[in-house]
Amino acid sequence: MTLEHTVRLRFGDRSRAAATHTNLSAVRADGAVLWVAGDETATVERLVADDPHRPTEFGDETTFRLADLVELPGADGEEEADLEGLARTGHFLWAVGSHSLRRRQIKARHDDAKALKRLGRVEGQDNRQILVRLPITEVGGLPTPVRKIVVDGRTERAAILAGRGNLRALLADDDHLAPFLAIPGKDNGLDIEGIAVHGERVYLGLRGPVLRGWAFVLEVRPYPDPADPGRLLLRPFDDGRPYRKHVLDLDGLGVRDLCPDGDDLLVLAGPTMNLDGPVRIYRWRGACQVKMPAVVRGEVLSRELELPYGEGDDHAEGIGLLAPREQGRVLVVYDSPAAARLTDDGAVVADVVRLPPGNA
């Protein structure tokens, strides 16, 4: 890995109390601001750069509750959405939940009976099963998510894909993915952990399942329901399905994030199961062309970087381009950051890495 420098991400008291700064799962740069999300809340955070040309710190945090912008499916608007991916394009900020089930964890205080009981308990949360599109406008000179904006005389509203027509429901009869819907995400079940948007197409990277070493990326084309603009529908492809599948040879790893780079996609890859590494960045060349093959391998897919990881910590969860494409600088944020990444004054340290020459 070519580490260029580090940046500090500074969060407010409320986010630190919610442990957002140590559970970062998604990041996307947007000019002088950084959009980030943690996997324990139902919020998106906006951080502002100290220097828009070469930032050393992002701070002045503002928190935006999804429940204030869209109708979340969960009964409690504070229930975590397990946001695992952010995308920023055109007039919109996109966010996606993991759509995964979760298995309860064994903790040190549990006796044998309690530990086994927890390990056998699997549960889902409605707020995890969402794909959200938020209109962005400038407020006080900063990009800000709002309920609606007017673009070229057309009103664009915040909208969500959730409820009965969510992605889990649409995959219920899929030959490859349906058998894994009842399996928790960290057990190689369905687990969405990345999103990239190019034009009308949205790419969703799956941490799991990984089948015989092949990782999945789903391609969908959301649009607002004419009868209910606050809801998203999926435009069908030529075969009538509301999604298109791509399988990627990531050397047995799953997708942990996606980041557009021109017509390419940068793919952050890591273990599907509860393992520390390896963690890599791949380049999927021409991924955003009109129609890519279902099977992605060979020269179309190249390994770009090996990223560091710790023992039980420093798990790379999000990547985002910080500068124009020709500079090739990528920001990496970590879930469960090592102690060395937590500063005495309450910030968390992220890495800025450089892509190999010729690919940036």
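Above this text is the structure in question.
Described in the following lines is the structure provided in the data block. Just so you know, these numbers come straight off a predicted model, no measurement behind them. (Residues numbered from 1 in each chain as written. Predicted model: local features only at pLDDT ≥ 70, side-chain atom pairs only at ≥ 80, totals over all residues. Heavy atoms only, no water.)

## Notes on the pairing of strand E13 (residues 154-157)
Link 1 in the chain: Relative to E13, strand E12 (residues 148-151) runs antiparallel, the two being bridged by four bridges. Bridge pairing in E13 links Lys148 to Arg157.
Link 2 in the chain: Linking two consecutive strands that pair antiparallel, namely E12 and E13, is a turn of two residues; a positive phi of about 50° is found at Asp152 within it. (Pairing = 2+ DSSP bridges. Helix = DSSP H or I, 4+ residues; strand = E, 2+ residues; numbered from the N terminus.)

## Considerations on the side chain of Glu304
Link 1 in the chain: Within the secondary structure layout, Glu304 lies in strand E25 (residues 301-307).
Link 2 in the chain: Its relative accessible area of 9% is what places Glu304 among the buried residues.
Link 3 in the chain: Within the structure, Glu304 has its side chain in polar contact with the side chain of Ser302 (distance 2.9 Å). (Buried < 20%, exposed > 50% of the residue type's maximum accessible area, 1.4 Å probe, protein only. Polar contact = N/O pair within 3.5 Å; in protein donor to acceptor, adjacent residues only side chain to side chain.)

## Looking at the nonpolar core
Link 1 in the chain: Trp94, Ile195 and Leu204 are the most contacted members of the largest nonpolar core, which has 25 residues in total.
Link 2 in the chain: If you list the elements that add at least two residues to this core, you get strand E7 (92-97), strand E14 (159-161), strand E15 (191-198), strand E16 (201-208), strand E17 (214-220) and strand E19 (228-234).
Link 3 in the chain: If we ignore the near neighbours within four places in the chain, the residues touching Leu204 are Val96, Leu131, Leu167, Ile192, Gly194, Ile195, Phe216, Val217, Leu218, Val220 and Leu258.
Link 4 in the chain: Leu69, Leu72, Leu93 and Leu134 belong to the second-largest nonpolar core, a separate cluster that totals 24 residues. (Core = buried A, V, L, I, M, F, W, Y, C linked by side-chain atoms within 4.5 Å. Contact = heavy atoms within 4.5 Å.)

## A few points about the environment of Lys291
Link 1 in the chain: With respect to the element layout, Lys291 can be found in the loop between strand E23 (279-284) and strand E24 (295-296).
Link 2 in the chain: Separated by 47 residues in the primary sequence, Lys291 and Arg244 place their C-alpha atoms 9.8 Å from one another.

## Regarding the packing of aromatic side chains
Link 1 in the chain: One pass over the full model with this rule turns up two aromatic pairs.
Link 2 in the chain: Seen in terms of ring centroids, Trp35 and Phe64 are 6.1 Å apart; in terms of plane orientation they differ by 55°. Their pairing is tilted. Of this pair, Trp35 sits in strand E3 (residues 33-38) while Phe64 sits in strand E5 (residues 57-65), and the two are 29 residues apart along the sequence.
Link 3 in the chain: Given a relative accessible area of 0%, Trp35 falls into the buried group.
Link 4 in the chain: With a relative accessible area of 13%, Phe64 lands in the buried category.
Link 5 in the chain: On the basis of an interplanar angle of 80° and a centroid distance of 6.4 Å, the ring pair of Tyr203 and Trp284 is categorised as edge-to-face. Residue Tyr203 is found in strand E16, and its partner Trp284 is found in strand E23; the two are separated by 81 residues along the sequence.
Link 6 in the chain: Looking at Tyr203, the relative accessible area reads 0%, which means it is buried.
Link 7 in the chain: The exposure class assigned to Trp284 is buried, which follows from its relative accessible area of 0%.
Link 8 in the chain: It is Arg133 that lies over the ring of Phe92; its NZ or CZ is 3.9 Å from the centre.
Link 9 in the chain: Above the face of the Tyr223 ring, Arg235 is positioned so that its terminal group lies 4.3 Å from the ring centre. (Phe/Tyr/Trp six-rings, centres within 6.5 Å; stacked < 30°, edge-to-face > 60°. Lys NZ or Arg CZ within 6 Å of the ring centre and 35° of its normal.)

## Some details on the environment of Pro308
Link 1 in the chain: Counting through the fold element by element, Pro308 comes out in the loop between E25 and strand E26 (315-321).
Link 2 in the chain: C-alpha of Pro308 to C-alpha of Met292: the two residues are 16 residues apart in sequence and 31 Å apart in space.

## Things to note about the pairing of strand E28 (residues 347-354)
Strand residues, when the strand is regular, have side chains that alternate between the two faces of the sheet.
Link 1 in the chain: For E28, the buried fraction is high: seven of the eight residues fall into the buried class.
Link 2 in the chain: Two strands pair when backbone bridges link them, and strand E27 (residues 329-335) and E28 are joined in this way by four bridges, in the antiparallel orientation. If you follow Arg329 over to E28, its bridge partner there is Arg354.

## A few points about the pattern of salt bridges
Link 1 in the chain: Considering all chains together, one arrives at 38 salt bridges under this definition.
Link 2 in the chain: Ionic pairing is found between Asp68 and Arg65, a salt bridge with its closest N-O pair at 2.5 Å.
Link 3 in the chain: With a relative accessible area of 41%, Asp68 lands in the partly exposed category.
Link 4 in the chain: Residue Glu219 is joined to Arg244 by a salt bridge in which the shortest nitrogen-to-oxygen separation is 3.3 Å. Residue Glu219 is found in strand E17, and its partner Arg244 is found in strand E20 (residues 244-249); the two are separated by 25 residues along the sequence.
Link 5 in the chain: Judged by relative accessible area, Glu219 falls into the buried class, the value being 1%.
Link 6 in the chain: Since its relative accessible area comes to 16%, Arg244 is described here as buried. (Salt bridge = Lys/Arg side-chain N within 4 Å of Asp/Glu carboxyl O.)

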